[in-house]
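# Working through the structure, step by step
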Amino acid sequence: MLKRVITLSLISFLLLPSFVNKKSKTRAVFKSIDKNVNTRSTAYNSLKQATENIGHRLTGSANGQKAEEMAYNMLKGLDLKEVSYQSFEVNSWSRGKLDLAIVPANSDNYRDIDAVSLGHSPKASNVVAHIVDCGDGLESDFEEVGENLKGNIALFNVDVRNEENKGKKNLHRSEKTALAIKNGASAVILVNRVKGNVLLTGTASVTGELIDIPAVCVSYESGRAIRKWIRDEKNIMAEIDMLNFFKPVKARNVKATYDRKSKLSNEKIVVGAHLDSWDLAQGAVDNGLGAFTVLDIARVFSELKLKTKRPIEFVLFMGEEQGLLGSKEYVKKAKENGEIDRISLMVNLDMLNNCHGFNAFGNESLKKEIDEVGTEIQSIFDNYPNQNSNKAGLHSDHEFFMLSGIPVCLPSGKLSKEALDCYHADCDEFALINQQELENNVKYTSMMLYALANADHLPAALNSSETRDFLVAQNLKEELVLGKKWNWD
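Turning to the overall build of the protein, a few remarks are in order. Along the protein, the regular secondary structure elements total 14 helices and 13 strands. The globule rule puts the C-alpha radius of gyration for 489 residues at 23 Å, and the 24 Å found for the protein is close to it. Across the 489 residues in the protein, those meeting the buried criterion constitute 58%. A separation threshold of at least 6 residues defines the contact pool for the protein, and within that pool the share at least 24 residues apart is 83%. Carbon together with sulfur atoms contributes 49% to the accessible area of the protein, which is approximately 21,500 Å² in total. Separation between the mean location of the 61 positive side-chain charges and that of the 65 negative ones in the protein comes to 7 Å.

Written out as structure tokens, the structure reads:
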């Protein structure tokens, strides 16, 4: 027994210098990343240039094409391998004309209401029907209105604000719309949560295909007024008249590989963000923040020539706003060519601001690794909060990777109330961007990425049954069933 103890102690003593050297090297790299970002970051100015010279980045539009080319050229100017486009063709929705009017039945006393169409509403639709208040648009709300909704227009909040629903999980606007359709609604009026006559857009489709009924969004103030009218006056009706476009378009994901003779070439880390935006504004927050952080992380690794055990692929996805179209195409192609088995981790940046930690997405092994790296970062930079979480979610470009069993990690941060209020709205402009907070994204995500790319082990991918059980445990089955993405049972 004594001999065994002495042997183990000797092994530990011999390994200690290697551990100390690795830790010292990692700390030195973290400091070099900090210095590089402080003095050479291009994220803020590049995003400024994109918002001023391009504007919105709607998939399939001329603006979207310009954004693709800008990202490609930025990556091409770095010391990266295989900078390329991944082209795909999809049906893309764009808005046309919309009129929304509230009118008492058998009257010509129309009250016009400012509204915007929600994505994937029909190409042409004219609906005149009574309005039924469906509260927060949760399943219990639709159960309460019952048969009264059939053939009528469902009015509900984008958020959960009614007292009886306090504590309940909110649903995505597309999932609420799917429930409205399931319960017989002829149209949907979504009420924004933000005060100040702010209009919100976004897809109303869980599949990325056209829905059967028109869906529109009105402001918080208009929602209150409509609710007062249907309480105070009998037979209040709404007329929704809309024209939209839904046609095949060509779009391109932009990809680039960072690989300095990586030892673990079959354990690639994909770092992605969606480049596209909606068309109401510049899309500076959603998702200029994520996209231009990724582009600047690629620059940091390239300029510092950081050595990693695993290759890193930087991907700018298009089509996220219209149904995760670009990342869906990426995963589909990866399955077809066998590349899916080479992906060990997917890191997704969506509306990230002032990075203060990371979400391990329900993976305990990954959470432990993130906590340890975060503690190391915090020991050097005491203003780094190291606030990590471990809860999976949907509705961004990590989704199809997660459904394929690939571990996922999301950097997390905090947006100002002003920025949050402009989510998918006509006020999502560059003025909302804080340079230091954007550069914190680049710093801390680069540090974590470097550490994970050099970790001794990363969590293994899940097989199909393990993925199913994981999604159930994370409370995601109901949403995936609504979205027609549940591939089990």
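With that out of the way, let us pick up the packing of helix H7 (residues 284-304) against helix H12 (residues 435-453). Where H7 contacts H12, the axes come no closer than 9 Å and their chain directions differ by 55°. It follows from the interaxial angle that H7 and H12 lie oblique. Every pair of crossing elements has a handedness; the one defined by H7 and H12 is right-handed. Across the interface between the two elements, Leu-289, Thr-293, Asp-296, Ile-297, Val-300 and Phe-301 from H7 touch Leu-438, Asn-441, Val-442, Thr-445, Ser-446, Leu-449 and Tyr-450 from H12. By residue class, the composition of the contact of H7 with H12 is eight nonpolar, four polar and one charged.

Let us now look at the packing of helix H3 (residues 62-76) against H7. Where H3 meets H7, the axes come as close as 10 Å, and the angle between the chain directions of the two elements is 15°. For the element pair H3 / H7, the angle class is roughly parallel. For the element pair H3 and H7, the recorded crossing hand is right-handed. The segment H3 lies against H7, with Met-70, Ala-71, Met-74 and Leu-75 engaging Phe-292, Leu-295 and Ala-298. Partitioned by chemical class, the residues of the contact of H3 with H7 number seven nonpolar, no polar and no charged.

With that settled, the discussion passes to the state of the cysteines. In total, this model carries one disulfide according to the counting rule given. In this structure Cys-217 is a free cysteine whose sulfur lies 12 Å from that of Cys-427, the closest cysteine sulfur available.

Counting buried positions along strand S10 (residues 312-317) gives six out of six residues, so the element sits mostly inside the fold. Covered by surrounding structure in S10 are Ile-312, Phe-314 and Leu-316 together with Glu-313, Val-315 and Phe-317, the residues of both alternating faces. Pairing between strand S9 (residues 268-274) and S10: six bridges, direction parallel. For Ala-273, the partnering residue across the bridge sits in S10 and is Leu-316. Crossover S9 to S10 through H7 is right-handed.

On to helix H13 (residues 464-473). Those residues of H13 that sit buried are Thr-467, Phe-470 and Leu-471. Projection of H13 onto a plane perpendicular to its axis shows the buried side chains occupying an angular sector of 95°, all on one side. Buried residues in H13 make contact with helix H10 (399-403) and helix H14 (477-482).

Under the criterion given, the structure shown has 33 salt bridges. The residue Lys-22 makes a salt bridge to Asp-456 at a minimum N-O spacing of 3.3 Å. With a gap of 434 residues between them, Lys-22 in helix H1 (residues 2-40) and Asp-456 in the loop between H12 and H13 connect regions that are remote in the sequence. With its nearest N and O atoms 3.1 Å apart, the salt bridge here joins Asp-456 to Lys-309. Taken as a pair, Asp-456 in the loop between H12 and H13 and Lys-309 in the loop between H7 and S10 lie far apart in primary sequence, 147 residues in all. Bridged by salt links that share partners, the residues Arg-40, Asp-296, Arg-299 and Glu-303 form one connected network.

Glancing now at the side chain of Asn-287. Here Asn-287 lies in helix H7. Among the polar contacts made by the side chain of Asn-287, one reaches the main-chain carbonyl oxygen of Leu-349 at a distance of 3.1 Å. In terms of polar contacts, Asn-287 uses its side chain to reach the backbone amide nitrogen of Met-351, at 2.7 Å. Apart from the residues lying within four places of it in its own chain, the contact partners of Asn-287 are Arg-57, Ala-273, His-274, Asp-276, Leu-349, Asp-350 and Met-351.

The next subject is helix H6 (residues 220-232). With 13 residues, H6 ought to run about 18 Å at 1.5 Å a step, and its terminal C-alpha atoms sit 19 Å apart, in line with that. Among the residues making up H6, those that are buried are Tyr-220, Ser-222, Gly-223, Ile-226, Arg-227 and Trp-229.

So, on to the environment of Ala-256. Tracing the backbone through its elements, the reader meets Ala-256 in strand S8 (residues 236-258). By relative accessible area, which is 0% here, Ala-256 ends up buried. The spatial distance from the C-alpha of Ala-256 to the C-alpha of Leu-78 is 9.6 Å, given a sequence separation of 178 residues. When neighbours within four sequence positions are excluded, Ala-256 is seen to be in contact with Leu-75, Leu-80, Lys-81, Glu-82, Val-83, Ile-312, Glu-313 and Phe-314.

Let us now look at the nonpolar core. Grouped together as the largest cluster of nonpolar side chains are 79 residues, with contacts concentrated most on Phe-30, Leu-75, Ile-269, Val-271, Phe-314, Leu-316 and Ile-433. With eleven residues, H7 is the single largest residue contributor to this core. Apart from residues lying up to four places away in sequence, Leu-316 is in contact with Ala-71, Leu-75, Asn-253, Val-254, Ala-273, Leu-275, Ala-291, Val-294 and Leu-295. Of all hydrophobic cores here, the second largest spans 27 residues; its members include Cys-134, Leu-138, Ile-211 and Leu-482.

Rules and cut-offs
Residues numbered from 1 in each chain as written. Predicted model: local features only at pLDDT ≥ 70, side-chain atom pairs only at ≥ 80, totals over all residues. Heavy atoms only, no water. Helix = DSSP H or I, 4+ residues; strand = E, 2+ residues; numbered from the N terminus. Rg over C-alpha atoms; globule rule 2.2 N^0.38 Å. Buried < 20%, exposed > 50% of the residue type's maximum accessible area, 1.4 Å probe, protein only. Contact = heavy atoms within 4.5 Å. Areas by Shrake-Rupley, 256 points an atom, 1.4 Å probe, with all protein chains shown as cover. Lys, Arg positive; Asp, Glu negative; His and termini not counted. Charge placed at Lys NZ, Arg CZ, Asp CG, Glu CD. Axes fitted to C-alpha atoms, helices over the stretch in contact; angles between N-to-C directions. Parallel < 35°, antiparallel > 145°, perpendicular 65-115°, else oblique. Left-handed = near helix turned anticlockwise from the far one by under 90°. Nonpolar A, V, L, I, M, F, W, Y, C, P; charged D, E, K, R; others polar. Disulfide = S-S within 2.5 Å. Pairing = 2+ DSSP bridges. Right-handed = clockwise from strand over helix to strand, strands pointing away. Arc of directions from axis to C-beta. Salt bridge = Lys/Arg side-chain N within 4 Å of Asp/Glu carboxyl O. Polar contact = N/O pair within 3.5 Å; in protein donor to acceptor, adjacent residues only side chain to side chain. Expected span 1.5 Å × (residues − 1). Core = buried A, V, L, I, M, F, W, Y, C linked by side-chain atoms within 4.5 Å.

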